[in-house]
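Observations on chain architecture
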Amino acid sequence: MVCLGNICRSPLADGLLKAKVKNEGLDVFVDSAGTAGYHVGEAPDSRMRATARNFGVPIDNLKARQFVAQDFQDFDLIYAMDSSNYNNILSLASSAEDEAKVKLILNESHPGMNLAVPDPYYGGDRGFIEVYELLDEATDVIINNLKQ
Ligand code: 4NP
């Protein structure tokens, strides 16, 4: 799960998918990262942590890290939150195989629409709830695909 800062959107996507993987008893490793390094080592944004806690998916223990080229070796699927993250991730790919791993996460729930998970960082509380709703829906589709 990859966004810009790894403190708002991707930590929630990470927490939601981890909870669903655990619930289904699947053996799938889930992690998250940011394409930028400004917040490396920080816990998720307090507003995102509060929203996640309210929905029963605590993400307090995550620490932000930056996406690195090695992630293409370590992961089979890489979900970008918006097209800017998507393009930044692709710029680190070194093969067509790497490129094929990268997907826009909302194309799981809204195929072919290339929608972005809106960045809630500079907005109000409603933005965090909207992010939750979008990512809950998308991770439901992802978990169903992983179960196949
Ligand atoms: P995220 O949100 O990419 O969902 O973690 C942001 C966090 C921090 C910044 C921008 C977006 N920032 O500019 O510091």
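Residues numbered from 1 in each chain as written. Predicted model: local features only at pLDDT ≥ 70, side-chain atom pairs only at ≥ 80, totals over all residues. Heavy atoms only, no water.

1. Things to note about the side chain of Ser109
Short version of the rule: Secondary structure is summarised from DSSP: a helix means a run of H or I of at least four residues, a strand means a run of E of at least two, and numbering begins at the N terminus for each. Residues adjacent in sequence count toward polar contacts only when both atoms are side-chain atoms; beyond that, a polar contact is any pair of N or O atoms within 3.5 Å, and within protein one must be able to donate a hydrogen and the other to accept it.
Relative to the helices and strands, Ser109 resides in helix H6 (residues 106–109). Only 3.2 Å separates the side chain of Ser109 from the side chain of His110, close enough to count as a polar contact.

2. Remarks on helix H7 (residues 125–147)
So the rule is basically this: To estimate how far a helix should extend, the number of its residues minus one is multiplied by 1.5 Å. Working rule for contacts: check all heavy atoms of both residues, and any pair within 4.5 Å makes them a contact.
End to end, H7 covers 33 Å across 23 residues, agreeing with the expected 33 Å (1.5 Å per residue, within 8%). For H7, the secondary structure elements touched by its buried residues are helix H1 (9–24), helix H2 (46–54), strand E3 (78–80) and H6.

3. Considering the site of the ligand
The condition is simple: Any residue with a heavy atom positioned within 4 Å of a molecule or strand is treated as near that molecule or strand. With residues, only the protein chains shown are counted as cover, and all accessible areas are computed by Shrake-Rupley using a 1.4 Å probe.
In the vicinity of the ligand, the residues found are Cys3, Leu4, Gly5, Asn6, Ile7, Cys8, Arg9, Tyr38, His39, Asp119, Tyr121 and Tyr122. Taking Asp119, its side chain carries an N or O atom lying 3.4 Å from an oxygen atom of the ligand. Surface burial for the ligand is 92%, taken as the share of its 350 Å² of free accessible area covered by protein chains.

4. Some details on the side chain of Ser10
Among the secondary structure elements, Ser10 is positioned in helix H1. Of the polar contacts made by the side chain of Ser10, one reaches the backbone oxygen of Ala33; its length is 3.4 Å. Once residues within four sequence positions are removed from consideration, Ser10 is found in contact with Met1, Val2, Cys3, Ser32, Ala33 and Met81.

5. Some details on the packing of H2 against H7
To keep things clear, this is the line we draw: What counts as an axis is a line fitted to C-alpha atoms, over the stretch in contact for a helix, and the angles between N-to-C directions run from 0 to 180 degrees. Here the angle decides the label: under 35 degrees means roughly parallel, over 145 means roughly antiparallel, 65 to 115 means roughly perpendicular, and every other value means oblique. When the near helix sits turned anticlockwise from the far one by under a right angle, the crossing is termed left-handed; a clockwise turn instead gives a right-handed crossing. Throughout this entry, Asp, Glu, Lys and Arg are counted as charged residues, while Ala, Val, Leu, Ile, Met, Phe, Trp, Tyr, Cys and Pro are counted as nonpolar. The remaining residues, Gly among them, count as polar.
Two elements in contact, H2 and H7, have axes separated by 10 Å at closest approach and are oriented at 55 degrees. Put simply, H2 runs oblique to H7. The two elements H2 and H7 cross, and the hand of that crossing is right-handed. Facing Arg47, Met48 and Thr51 of H2, the residues of H7 in contact are Phe128, Ile129, Val131 and Tyr132. Split by residue class, the contact of H2 with H7 holds five nonpolar, one polar and one charged.

6. Some words on the environment of Leu92
Rule in force here: The cut-offs for exposure are 20% and 50% of the maximum accessible area for each residue type, with area from a 1.4 Å probe on protein chains only; residues under the lower value are buried, those over the upper are exposed, and the others partly exposed.
With respect to the secondary-structure elements, Leu92 resides in the loop between helix H4 (83–90) and helix H5 (96–100). The partly exposed category is assigned to Leu92, whose relative accessible area is 38%. Linking Leu92 and Thr35, residues 57 residues apart in sequence, is a C-alpha distance of 10 Å. Excluding residues within four positions of it along the chain, Leu92 makes contact with Phe67, Ala69 and Phe72.

These results come straight from atomic positions and should not be treated as a statement about function.
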